[in-house]
Amino acid sequence: MTGVRPLFPVAGRPRDEVLERMRTLRSRDARWKDGRTFSLVYYAGEDVTSLLKDAYTMFFSENALNPMAFPSLKKLEAEVVAMTADLLGGDAEVAGNMTSGGSESLLMAVKTARDLARAERPEVTNPEMVLPVTAHPALEKAAHYFGVTPVRIPVGPDCRADVAAARAAVSDRTVLMVGSAPAYPHGVIDPIRELAGIALERGVLFHVDACLGGFLLPFLRRLGHPVPDFDFSVPGVTSISADVHKYGFAAKGASVILYRTATIRRHQFFTFTEWPGGLYGSPTMTGTRPGGAIAAAWAVINHLGEEGYLSLARTIMETTRTLVAGIEKVPGLRLVARPDMSVIAFTSDSFDVYRLADAMDARGWHLDRQQRPPCLHLMVTPAHAPVADEFLKDLREAALAVAGTEEEDGVQGLAAMYGALGSLPDRGLVRDVIIGILEDWTRPEPDTSSEAGARPTEGDASEKA
Ligand SMILES: *Cc1c(COP(=O)(O)O)cnc(C)c1O
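Nothing here was measured: the structure is a model prediction, and the numbers come from that model. (Residues numbered from 1 in each chain as written. Predicted model: local features only at pLDDT ≥ 70, side-chain atom pairs only at ≥ 80, totals over all residues. Heavy atoms only, no water.)

On to the environment of leucine 76. Topologically, leucine 76 is positioned in helix H3 (residues 71-87). The exposure class of leucine 76 is buried, given its relative accessible area of 11%. Spatially, the C-alpha atom of leucine 76 lies 35 Å from that of proline 150, the residues being 74 residues apart in sequence. The residues contacting leucine 76, other than those within four sequence positions of it, are Phe59, Ile294, Ala295 and Trp298. (Helix = DSSP H or I, 4+ residues; strand = E, 2+ residues; numbered from the N terminus. Buried < 20%, exposed > 50% of the residue type's maximum accessible area, 1.4 Å probe, protein only. Contact = heavy atoms within 4.5 Å.)

Detail in the predicted coordinates should be disregarded across regions flagged by low pLDDT. Put simply, the protein chain has an average pLDDT of 93, and 95% of its residues get 70 or more. Low confidence marks residues 451-465, where pLDDT is under 50. Its contacts with residues over four positions away, or in another chain, come to 24 contacts. (pLDDT = per-residue confidence, 0-100.)

Moving on: the sheet that holds strand E4 (residues 174-180). Overall, mixed pairing links the seven strands, which are arranged E1-E7-E6-E5-E4-E2-E3 in an open sheet. In this open sheet, the two edge strands, each paired with only one partner strand, are strand E1 (95-99) and strand E3 (149-153). The average undirected angle you get between the axes of adjacent strands in this sheet is 20 degrees. Direction of pairing for strand E2 (residues 128-132) relative to E3: parallel, over a ladder of five bridges. Paired with glutamate 128 across the two strands is threonine 149, which belongs to E3. (Pairing = 2+ DSSP bridges. Axes fitted to C-alpha atoms, helices over the stretch in contact; angles between N-to-C directions.)

Right, let's get into the sheet that holds strand E10 (residues 333-335). Pairing in this open sheet of four strands is antiparallel, and the strands run E10-E11-E13-E12 from one edge to the other. Two strands close off the open sheet at either side, each with one partner strand: E10 and strand E12 (368-370). Each strand axis lies, on average, 35 degrees off the axis of its neighbour in the sheet, ignoring direction. In terms of strand pairing, E10 meets strand E11 (residues 343-348) through three bridges, oriented antiparallel. Within E11, the residue paired with arginine 334 across the bridge is threonine 347. Its contacts with the sheet place helix H11 (residues 353-362) against E10, E11, E12 and strand E13 (375-379), and it is angled at close to 175 degrees to E12.

Dropping the structure here:
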């Protein structure tokens, strides 16, 4: 067995060597700038990226943990929150905070609902949250962390939350209902008005997960796209999450969580008055908070403004239209749902789409694989505009090749794994596989990129690629 376990370095290395080492490692990463990936990176071009870097670097060392020391950051954060509230139909009553990302914003929404219920409905000892099956797993994570029981409701054939099921799922233990605008898997917006109406009737909080749509849907509406109401203009909506680091095109580590009133938000905060280190108060999950992420979010919103976002939104939707039309023309492919914005999920009734994903991987295009039903996922950004036609040509060729080949030795590659894991009845086994992957994540690998950056501990010290 060959393994390389890096030990803590004794001698320091020159900066050029350190940087060069990282550059080498990076050369094997996904080519997001060329539009080859369809999630994870939201790239609005070099102009925006260089602004983000300058703004981030200006506040590189500052810590937003304590607003007294850096009044500049306090102001930048307050303004990002206020500008986002304005974008999402909020009035002066709306209160919020910046967080490190969508997951933290959702954690906060659930924690706030739980603690508000603890204060106002102490009889609820086993709080529940009603959410569609398509809602983001960060909400399940929040339920898991904070001891709230998730009550999942199905979606209809259009992939939108089933309103009647939501109504039936609300109980006297419900503390929160959730809808997405849009949900990540198929890009469709849940019936927010109907769902929030139920929440209002039953006196429970309602969260809109607009992590994905918060910085795009308002602009699509201004461009004349049909966007159903999803924000604070809807009665019953009590909180909204929106990620600046997605379609806001900010640097990573920037999301906003908003509440209809400061009274609701009070339940988000944590305080500790007995610490010898001083009086302690923290608005969100994290302690130390990078000033750079706040600064970059403020910078990009002010640099682009509504006009800049409208222009990006136009490009995104034109590209989405091109991709949708092209996908629908490929024999054997069909959309899972008609998307409300720039997220496309497509599947096939005639062949295994996971095999198509493998074939596209081989052509350098990385599509996300989804389940129930098996389908492939595209999140469209401006980086895809120049490559949409090339993508469609490759997709058509790959689909024809996959459809035309019988599988002699059974399904190979990732398709075999995804196919098996998607349909395996024992979800405990699937869970074990995922845990194995998480365990391997931080297991050092033998270095094959160039000169090994670590001392070999076992096996052949001379092994190199
Ligand atoms: C991305 C996303 C999240 C989670 O956000 P992170 O920034 O990845 O933590 C939550 N909800 C939706 C709909 C998302 O698209």
